[in-house]
Amino acid sequence: MSEIAITMQEHAARRKALMQAVPSNSLILIPSATEVLRNGADNVQEFRQNSDFLYLTGFNEPEAVLVLAPGREQGEVILFNRTRNPDAEVWTGKRAGQAGACDVFGMDQAFAID
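Note that the structure is a prediction, hence the values are computed from the model and not measured.

**Details of the overall build of the protein**
- The helix and strand inventory of the protein stands at four helices and four strands.
- Its C-alpha atoms give the protein a radius of gyration of 15 Å, near enough to 13 Å, the size a compact globule of 114 residues would have.
- Reported as C-alpha extents along the three principal axes, the dimensions of the protein are approximately 45 × 30 × 25 Å.
- For the protein, contacts bridging at least 24 residues in sequence account for 50% of all contacts bridging at least 6.
- Just so you have it, the protein exposes about 7400 Å², and 52% of that area is on carbon and sulfur atoms.

**Here's the deal with the sheet that holds strand S3 (residues 77-81)**
- Reading across from one edge, S1-S2-S3-S4 is the order of the four strands in this open sheet, with mixed pairing throughout. The sheet is open, and its two borders are formed by strand S1 (28-31) and strand S4 (109-112), each paired with just one other strand. For this sheet the average axis-to-axis angle between neighbouring strands, irrespective of direction, equals 20°.
- Pairing of S1 with strand S2 (residues 65-68) involves four bridges; the strand directions are antiparallel. Paired with Ile30 across the strands is Leu66, a residue of S2.

**Things to note about the packing of aromatic side chains**
- Scanning all chains against the criterion turns up three aromatic pairs.
- The rings of Phe53, Phe59 and Phe105 are connected pair by pair, giving a single aromatic cluster.
- Between Arg14 and the ring centre of Tyr55, over which it is positioned, the NZ or CZ distance is 4.0 Å.

**Some remarks on the side chain of Gln49**
- Along the polypeptide, Gln49 turns up in the loop between S1 and helix H2 (51-57).
- A polar atom in the side chain of Gln49 sits 3.0 Å from the backbone oxygen of Phe59.
- Reaching out from Gln49, the side chain makes a polar contact with the backbone oxygen of Glu61 at a distance of 3.0 Å.

**Remarks on the pairing of S3**
- A large share of S3 lies buried, amounting to four of its five residues.
- Pairing of S3 with S4 involves four bridges; the strand directions are parallel. Within S4, the residue paired with Asn81 across the bridge is Ala112.

**Re the side chain of Ser32**
- Looking at the secondary structure, you find Ser32 in the loop between S1 and H2.
- The exposure class assigned to Ser32 is buried, which follows from its relative accessible area of 9%.
- For Ser32, the side chain forms a polar contact with the main-chain nitrogen of Glu63, separated by 3.2 Å.
- Residues within four places of Ser32 in sequence aside, it is in contact with Gln49, Asn50, Phe53, Glu61, Pro62, Glu63 and Ala64.

**A closer look at unusual backbone geometry**
- A positive phi is found at Asn25, a non-glycine position, where the angle reads about 65°.
- Within the secondary structure layout, Asn25 lies in the loop between helix H1 (3-21) and S1.
- On the basis of relative accessibility, which here comes to 77%, the residue Asn25 falls in the exposed class.
- We note that Glu63 has phi near 55°; this positive angle belongs to a residue other than glycine.
- Turning to its location among the elements, Glu63 is positioned in the loop between H2 and S2.

Here is what the cut-offs are and how they apply
Residues numbered from 1 in each chain as written. Predicted model: local features only at pLDDT ≥ 70, side-chain atom pairs only at ≥ 80, totals over all residues. Heavy atoms only, no water. Helix = DSSP H or I, 4+ residues; strand = E, 2+ residues; numbered from the N terminus. Rg over C-alpha atoms; globule rule 2.2 N^0.38 Å. Contact = heavy atoms within 4.5 Å. Areas by Shrake-Rupley, 256 points an atom, 1.4 Å probe, with all protein chains shown as cover. Pairing = 2+ DSSP bridges. Axes fitted to C-alpha atoms, helices over the stretch in contact; angles between N-to-C directions. Phe/Tyr/Trp six-rings, centres within 6.5 Å; stacked < 30°, edge-to-face > 60°. Lys NZ or Arg CZ within 6 Å of the ring centre and 35° of its normal. Polar contact = N/O pair within 3.5 Å; in protein donor to acceptor, adjacent residues only side chain to side chain. Buried < 20%, exposed > 50% of the residue type's maximum accessible area, 1.4 Å probe, protein only.

Next comes the structure, spelled out in structure tokens:
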């Protein structure tokens, strides 16, 4: 089994344990960390993801929100994240986008954060 599959399974188990620990009809929202500008310029500080968000998702991009909705028929694990943008990715690195959030990180659904 690949390392990515093991990681995705571990994160899925962590999300499931959290959803089982809350009352029914709960909604859990966990935001990612944001990028921080350095000296008010165009440069950003080295990105460090919110530890809780990373623990539950393995997703290491800014501008995202994890939504856990236990019992939701359309899927219990939803991620709102940035869309793919080839022009920006040249400078900031590849983004997972909505397809990557589901395929690589195991989200049930993903939607554009904007």
